[in-house]
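An overview of the molecular structure
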Amino acid sequence: MVLCINLSPGVKTVTHSDYEIASVKAAGAELRYRGEAKLDAVDARIAEVESTLVFLLHQRREIVNQYDLNKPAVCHHVPDQYEDGVLFCIDCGVRV
Ligand SMILES: [Zn+2]
């Protein structure tokens, strides 16, 4: 860590107090630098995940369109289930 101590004009020596103040400022700057670096890493990861999400949503739309999954499934009713003498489709439960 490099300390930059600004001396008043005409002052040639560094006092203990000057050194302490400079040390505290440098430590604060170091902490801020570390925090900003961590924030940059998280922001980069968020950007990656967002990009992946956009890609997957596009893939999802393609699959829905390719297999017509946005339309209700067509049942070829298999009338095999009786309830009170009425036939119901064994696959979808619709009365047939
Ligand atoms: Zn059916």
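Throughout what follows, the structure given in this document is the object of discussion. (Residues numbered from 1 in each chain as written. Predicted model: local features only at pLDDT ≥ 70, side-chain atom pairs only at ≥ 80, totals over all residues.)

Examining the overall build of the protein
Short version of the rule: Helix and strand assignments follow DSSP, with helices taken as H or I runs no shorter than four residues and strands as E runs no shorter than two, numbered in order from the N terminus. In this scheme the burial state of a residue depends on its C-beta neighbours within 10 Å: 20 or more other such atoms mean buried, 12 or fewer mean exposed, and anything in between means partly exposed; the C-beta positions come from the backbone. Contact definition: two residues whose C-beta atoms, as placed from backbone geometry, lie within 7 Å.
Scanning the protein for helices and strands turns up one helix and two strands. What you see in the protein, going N to C, is helices and strands ordered as α-β-β. Overall, the C-alpha framework of the protein stretches about 110 × 30 × 15 Å when taken along its three principal axes. Put simply, the protein has 96 residues, and 0% of those count as buried. Nonlocal contacts in the protein, meaning residues at least 24 apart in sequence, comprise 6% of its contacts between residues at least 6 apart.

Things to note about the environment of E36
Structurally, E36 is set in helix α1 (residues 16–66). Distance from E36 to N70, taken between C-alpha atoms, is 45 Å for residues 34 residues apart in sequence.

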